[in-house]
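Structural overview
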Amino acid sequence: MRYLPLTDEDRELMLDRIEVAHVDELFADVPADKLLKAPLDLPRHKGELEVERMLSRIAAKNMTASTVPFFVGAGAYKHHVPASVDHLIQRSEFLTSYTPYQPEIAQGTLHYLFEFQTQVAMLTGMDVANASMYDGSTGCAEAVLMAHRITRRNKAVLSGGLHPHYAEVVRTSSHLAGDHVVTMSPDISATEDLLAQIDDSVSCVVVQTPDVFGNLRDLTAIADKCHKHKALLIAVFTEAMSLGLVTPPGEMGADIVVGEGQSIGNSLNFGGPYVGLFATRQAYVRQMPGRLCGETVDADGRTGYVLTLSTREQHIRREKATSNICTNSGLCCLAFSIHLTLLGNKGLTQVARINHANAVLLADMLAPIAGVDVLNETFFNEFTIRVRGKAADVVEAMAQRGVLAGVPMSRLLPDAGLDDLIIVANSEVNTDDDRRAFVDALRQSLSN
Amino acid sequence: MSNIRYTKDHEYIRLDGDVGTVGITDYAQHQLGDVVFVELPSVGDAIVAGKQAAVVESVKAASEVYAPVSGEIVEVNSAIEAEPAVVNEDPVGKGWFVKLKITNPDEFAKLMDEDAYKAFVASMS
Amino acid sequence: MLNKQGRPTTPAAAHVEHRETFTSNRALQLEEALIFDVGREDVCGVDFDEPAPFKARLGAHARKASTGLPGLSEPEAVRHYVRLSQKNYSIDSGLYPLGSCTMKHNPRLNERMARLPGFSDVHPLQPVSTVPGALELMQDLSHWLITLTGMEAVALSPKAGAHGEMCGMMTIRAAIEARGESATRRVVLVPDSAHGTNPATAAAMGFEVRSVPAGADGIVHVDAVKALLGPEVAAIMLTNPNTCGLFEKQIVEIADAIHAAGGYFYCDGANFNAIVGKVRPGDLGVDAMHINLHKTFSTPHGGGGPGSGPVVLSKRLAPFAPVPFLKRDDKTITLVEHAKGTQAAGRITAFHGQMGMFVRALSYILSHGSDGLQQSSQDAVLNANYVRACMADLMSLPFGNRPCMHEALFDDAWLKDTGVTTLDFAKAMIDEGYHPMTIYFPLVVHGAMLIEPTESESKAALDLFIMTLRDLAFSVKRGETERFVGAPHFAPRARLDETRAARQPVLRWTPRKPVLAEAAE
């Protein structure tokens, strides 16, 4: 077995030293009738070549984003990640280290976490950010709990433009905590009246921009009314790259900003691992969940970094912790941070412009097609179309023609009567050929 | 007779008329280590004996500060919020947490006096 | 003619320690600035073509101010991150005996497999008909996890161990609600030796936490549990093997007692790596258990994540697994994404879980096979006991010199009055080229030192580690405190001021004041 260094001779010598005759004597506390005598009825060990063959065969059954015209988004996005990112995150010292509990020999991790926190704060226009969450949706649920702690109220209002899965995650955790959630109906055109929902009983309002339909939203008026009633505005995004081109939530008065960071530095991975971004105002730092890295000095006066404010966390506070979270998304936030460092403000603006330009190009090509309506007034790289017939069938038919066209809204919300909507995402990876293929496949799929 | 009393959770209360000054003892600050954060109640809050009155945090631990007696908060020491190190440097002096107007003097009388507390601490080590 | 040119080939003088250098670098230890100090807004390490002119559709939402984010060219970025990496200790460079964290070898085949485009380049919401391989991979992993644990079903979506705890406790909550007892069954029993995540999770799920004292022998006794049982008890959360590195030997009796009282048994599976292939939690009466794929099945820890925490469930809890989940009949695998029409307890994350970690874990599992997994558990336990046996005469064992599971727990009784603390001893290990063990955890043992060598260490590596520990221990006993107090001496940084970090938190870079302005103050 290539991963096990001990030889049978080593094992004998060690058992002698421990003064037991057989390794099962070390398992003496296991009830005797429960100890398995032989390995379970499962396949035996395999060499690298064989494992590689088995898994490659399974992988080959999937249609991959890079091999087809690809327009699927709604919470996860296909972008080009520079080769150096994946190379760097595979450095042994990043890949195979643990949470930086011994800061003297973990300055590499702590240093990039400090940079990551700063990058996220700058990107969102907020004061501080934590060292990442599992993903955007879990971050969103944590943000609601945080707002309840700060306001000492327990009613959250969720915009109808919030990703339905995010709303579901919030409702699940709120149900468990005994909190109250008001979910607005799906708001395709960003015209819902959230202001009417805000009063002194509300802890927070959760609004996504760009929203799940792709619309851009101004949050200023909502923030103002929230603050008048001592409630918090939680701003959500699922497409981090949008922040290169649109007004950041911090400038619109958001108190907590959460988002999915997958777009920058990370692959699609069929849904994970991703990286949740979480930022807030300085005043709320001590109510923030998750790990935090801070700057300090060592015994010789040199600048260094440590995990700090950990009394908020479960290993000290136990049942009084701000959250039960123990890990962050370490390597995924490193990938995010490296990619963003390669981009800088200049590159981020450029790639965001290309995303927007490609979306505008496709929207303009779709507008004249009979039986297709582009619903958005504004958008970044994602918009919603209404098609004749069932969107899920159209998307399926387009997939059979080799085009992955987007997400039918019915996949996210099956019972909302939105069976004719498709959310279409664009990015810098899409070419003119991709867009032509999209239009052709759509026309053919509609006429059937 | 001294006007200071102690709890088994290492809070002290010094009584001046019907106003008690509450903080943590020197033993407590020593056990906690460097205090880095203090969370205080608001003036006007009604506090019940044995229930949480404040929170004190060091780098490695977070502890509740319980009210030794019941009463209403009449003053909080914002100076220790700004500079928590004072709790370590002068816990029974400048490092006090809250002042409360006590409602039930009997509760005070039942607490440990200086000698009893010293014996209690000695029994812990 | 003699040639006197060229370099001298013997060193001239002894190595001089602690000599200052102009750069503050020390040969391979290179100092590195923050990207905000060296990068610039107009520098970019990626090339893009300017798009053809187009009419923006941003409305009034266009960003006005720059993000201010600094950029680096590719060579600068590569150097920055390579230099940072060199300040980290890692499994790849040395023994990493961090108890309860399971720092075993991370096979690189797993990395290659996770990067196959068929796994890494598929979208969670593309038509299900285009991802049969993704479902097959999840199904194969599920089969292994269910068989290895002897359970009924598995929920794959939890993103990490603590998230798995939440998922498991949520199914228990849902089962209790389905029984109509949610108003009365509100208490969860948690031993005081448990990971901090256990009480934190129970509290987050709306339960009231009641602490169970562990016995003097380090395990939980069924009598202590029975004393706390009643109609208000919803569940017990028990780690097995526990955080003291011991198998909970009364576990079956505890499971029977909690079941008889109408509650459920949540097992924290953080230490499952000690018993894979040796005993099945399902046979012990467990109702729910999370498995840390990043511990037991070696998906890389990555400096603190990402993790993955699938939860195996008993027949009683299986119907309450959150969406999405896989349903399998004879031929087909169906992906169920919506709770409607099911008893699912809701949804805990946007998508299907940590697919990238599923691939790595399955690659690890297939490589080991049932025989290799069992051997791994045995070797992990053997290695821990070897360290215990070799150190028992010098360091103190809180529960006596008896067999442990995959980790050996020492306390600081042997350090009493030496002037050396557990922390000092740990920091001195850094100077010897080792990552310290887990210290001050579990909380039930004073000055705890929890050593988990894992099965990845050879006997030679363990022998050197043991000799090092012995040398350090003798040093303590000889009163050579300078080796400990103030250590580490040779790491990239000396001990850091955590008090300052917490009293005046600096959590991000901010633009520095110009030098002139500072001088004027």
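Just so it is clear, the structure is predicted and the values come from calculations on it, not from any experiment.

On to the overall build of chain A. In terms of helices and strands, chain A carries 13 helices and 13 strands. For the C-alpha atoms alone, the extent of chain A along its principal axes is close to 80 × 55 × 50 Å. Residue burial in chain A is summarised as follows: out of 448 residues, 67% are buried. Pairs at least 24 apart in sequence give 72% of the contacts found in chain A among residues at least 6 apart. With an accessible surface of roughly 14200 Å², chain A has 49% of that area assigned to carbon and sulfur atoms. Of the side chains in chain A, 39 bear a positive and 54 a negative charge, and the two mean positions are spaced by 3 Å.

Quick look at the sheet that holds strand 7 (residues 311-313) of chain C now. Residues and elements named next belong to chain C. Across the sheet, seven strands lie side by side as 1-7-6-5-4-2-3; this open sheet has mixed pairing. The open sheet has two free edges, formed respectively by strand 1 (153-155) and strand 3 (208-212), since each of these has just one partner strand. For this sheet the average axis-to-axis angle between neighbouring strands, irrespective of direction, equals 25°. Here helix 5 (residues 132-149) sits on the sheet in contact with strand 1, strand 6 (288-290) and strand 7, set at roughly 125° to strand 1. Packing of helix 9 (residues 251-260) onto the sheet brings it into contact with strand 4 (233-239) and strand 5 (264-268), and relative to strand 4 it is tilted by some 165°.

With that out of the way, let us pick up the interface of chain B and chain A. Chain B puts eleven residues into the contact, and the matching count from chain A is seven residues. Roughly 650 Å² of surface becomes buried between chain B and chain A when both sides are summed, with 42% attributable to carbon and sulfur atoms. There are one salt bridge connecting chain B and chain A. A salt bridge links arginine 286 of chain A to glutamate 57 of chain B; its shortest N-O distance comes to 3.6 Å. Taken together, chain B and chain A are joined by zero residue pairs in polar contact (both at pLDDT 80 or more).

A separate point is the packing of aromatic side chains. Under the counting rule described, the total for this entry stands at 15 aromatic pairs over all chains. With a centroid separation of 5.2 Å and 55° between ring planes, the pair formed by phenylalanine 379 of chain A and phenylalanine 383 of chain A is classed as tilted. Each member of the pair, phenylalanine 379 of chain A together with phenylalanine 383 of chain A, is buried. Between the aromatic rings of tyrosine 89 of chain C and tyrosine 96 of chain C, the centroid separation amounts to 5.5 Å while the plane-to-plane angle is 70°, which identifies the pairing as edge-to-face. Relative accessible area serves as the criterion here: at 11%, tyrosine 89 of chain C is assigned to the buried category. Looking at tyrosine 96 of chain C, the relative accessible area reads 4%, which means it is buried. Taken together, Tyr6, Tyr117 and Phe120 of chain B form an aromatic cluster joined through their ring pairs.

Below, the discussion takes up the nonpolar core. Within the largest apolar cluster, 126 residues are counted, with the highest numbers of intra-cluster contacts made by Phe297 and Phe425 of chain C. Considering every element that reaches this core, the biggest residue donor is helix 10 (residues 355-391) of chain C, with 17 residues. Setting aside its immediate chain neighbours within four residues, phenylalanine 297 of chain C contacts Leu145, Leu148, Phe272, Ile291, Asn292, Ala361, Tyr364, Ile365 and Leu373 of chain C. In this structure, Met252 and Leu343 of chain A together with Val82 and Leu84 of chain C belong to the second largest nonpolar core, which totals 75 residues.

Attention now moves to the packing of helix 10 of chain C against helix 12 (residues 459-477) of chain C. Residue and element names in this part refer to chain C. For the pair helix 10 and helix 12, interaxial distance at closest approach is 10 Å and the crossing angle is 30°. Classified by the interaxial angle, the pair formed by helix 10 and helix 12 is roughly parallel. You can see that helix 10 and helix 12 cross each other, and the crossing is right-handed. On the side of helix 10, the interface is formed by Asn383, Tyr386, Val387, Cys390 and Met391, while helix 12 contributes Lys459, Leu462, Asp463, Ile466, Leu469 and Arg470. Residues that form the contact of helix 10 with helix 12 fall into these classes: seven nonpolar, one polar and three charged.

It is worth spelling out the domain arrangement of chain A at this point. Residue and element names in this part refer to chain A. Partitioning chain A into structural domains gives domain 1 (66-80 + 345-447) and domain 2 (83-339). Computed over C-alpha atoms, the centres of domain 1 and domain 2 are 27 Å apart. Listed by partner, the interface residues are 34 residues for domain 1 and 25 residues for domain 2. Together, the buried faces of domain 1 and domain 2 total about 2300 Å²; carbon and sulfur atoms form 69% of this surface. Considering only the side of domain 1, the residues that lose the most area to domain 2 are Tyr77, Leu348 and Phe380, jointly responsible for 25% of the buried surface there. Taken together, domain 1 and domain 2 are joined by zero salt bridges. On inspection of domain 1 and its partner domain 2, the count reaches nine residue pairs in polar contact (both at pLDDT 80 or more).

Take helix 6 (residues 161-178) of chain C next. Residues and elements named next belong to chain C. With 18 residues, helix 6 should reach 26 Å at 1.5 Å per residue; the first-to-last C-alpha distance of 26 Å fits that figure. Buried residues dominate helix 6, accounting for 16 of its 18 residues. The first or second residue beyond helix 6 is glycine 180, which carries a positive phi of 75°.

All names here are of chain A. Strand order across the open sheet formed by seven strands is 1-7-6-5-4-2-3, with mixed pairing between neighbours. Each end of this open sheet is capped by a strand with a single partner; those strands are strand 1 (128-129) and strand 3 (180-183). Where strand 5 (residues 232-237) and strand 6 (residues 256-260) come together, four bridges link them in parallel fashion. Bridging across to strand 6, alanine 235 finds its partner in valine 257. Together, strand 2 (155-158), strand 4 (204-208), strand 5, strand 6 and strand 7 (276-280) form the strand contacts of helix 6 (residues 136-151), whose direction differs from that of strand 6 by roughly 165°.

One frequently used descriptor of interface size is the decrease in accessible area upon assembly of the parts. Listed as interface residues are 204 residues of chain C and, on the opposing side, 189 residues of chain A. Roughly 17100 Å² is buried in total at the junction of chain C and chain A, and carbon and sulfur atoms are behind 63% of that figure. Between the two partners, chain C and chain A, sit 15 salt bridges. Among the salt bridges present, the one from arginine 353 of chain A reaches glutamate 50 of chain C, with a minimum N-O distance of 2.9 Å. Where chain C meets chain A, there are 97 residue pairs in polar contact (both at pLDDT 80 or more). At 26 residues, the largest contribution of residues to the side of chain C that touches chain A is made by helix 10 of chain C.

A word on the environment of serine 142 of chain C. Residue and element names in this part refer to chain C. Inspection of the secondary structure assignment puts serine 142 in helix 5. On the basis of relative accessible area, serine 142 is assigned to the buried category, the value being 7%. For the pair serine 142 and leucine 156, spaced 14 residues apart in the sequence, the C-alpha separation amounts to 7.9 Å. Apart from residues no more than four positions distant in its own chain, serine 142 is found in contact with Val154 and Leu156.

A complete count under the given rule lists 47 salt bridges over all chains for this structure. The shortest N-O distance in the salt bridge between lysine 340 of chain C and aspartate 415 of chain A comes to 3.5 Å. Remark: aspartate 415 of chain A occurs in the loop between helix 12 (409-412) and strand 13 (421-425) and lysine 340 of chain C occurs in the loop between strand 9 (333-336) and helix 10; the pair is interchain, linking two chains. Given the relative accessible area of 57%, aspartate 415 of chain A is considered exposed. Ionic pairing is found between arginine 179 of chain C and glutamate 181 of chain C, a salt bridge with its closest N-O pair at 2.5 Å. A single salt-bridge network, built from bridges that share partners, covers Asp86 of chain A together with Glu111, Arg115 and Arg360 of chain C.

All right, on to the side chain of threonine 247 of chain A then. Here threonine 247 of chain A shows up in the loop between strand 5 and strand 6. Here the side chain of threonine 247 of chain A touches alanine 62 of chain C through a polar contact of 3.4 Å, landing on its backbone oxygen.

Residue and element names in this part refer to chain C. Burial analysis of strand 4 places seven of its seven residues in the buried class, which makes it a mostly covered element. Inspection of the sheet shows strand 2 (residues 187-191) paired to strand 4 by three bridges, in the parallel sense. Each residue of the ladder has a partner; that of valine 187, found in strand 4, is valine 233. Across five bridges, strand 4 lies against strand 5 in parallel orientation. From the neighbouring strand, methionine 237 faces strand 5, where its bridge partner is tyrosine 266.

Successive residues of a regular strand alternate their side chains across the two faces of the sheet. All names here are of chain A. When you tally the buried positions in strand 8 (residues 293-297), you get four out of five residues, the bulk of the element. Here strand 8 runs beside strand 9 (residues 303-307); their pairing, made up of five bridges, is antiparallel. Each bridged residue has a counterpart across the sheet, and for glycine 294 the counterpart in strand 9 is valine 306. In this structure, the hairpin formed by strand 8 and strand 9 is closed by a connection of five residues, where glycine 301 is found at a positive phi of approximately 85°.

Parameters at a glance
Residues numbered from 1 in each chain as written. Chains lettered and ligands numbered in written order. Predicted model: local features only at pLDDT ≥ 70, side-chain atom pairs only at ≥ 80, totals over all residues. Heavy atoms only, no water. Helix = DSSP H or I, 4+ residues; strand = E, 2+ residues; numbered from the N terminus. Buried < 20%, exposed > 50% of the residue type's maximum accessible area, 1.4 Å probe, protein only. Contact = heavy atoms within 4.5 Å. Areas by Shrake-Rupley, 256 points an atom, 1.4 Å probe, with all protein chains shown as cover. Lys, Arg positive; Asp, Glu negative; His and termini not counted. Charge placed at Lys NZ, Arg CZ, Asp CG, Glu CD. Pairing = 2+ DSSP bridges. Axes fitted to C-alpha atoms, helices over the stretch in contact; angles between N-to-C directions. Buried area = accessible area lost by both parts, 1.4 Å probe. Salt bridge = Lys/Arg side-chain N within 4 Å of Asp/Glu carboxyl O. Polar contact = N/O pair within 3.5 Å; in protein donor to acceptor, adjacent residues only side chain to side chain. Phe/Tyr/Trp six-rings, centres within 6.5 Å; stacked < 30°, edge-to-face > 60°. Core = buried A, V, L, I, M, F, W, Y, C linked by side-chain atoms within 4.5 Å. Parallel < 35°, antiparallel > 145°, perpendicular 65-115°, else oblique. Left-handed = near helix turned anticlockwise from the far one by under 90°. Nonpolar A, V, L, I, M, F, W, Y, C, P; charged D, E, K, R; others polar. Domains from an automatic or database assignment. Expected span 1.5 Å × (residues − 1).

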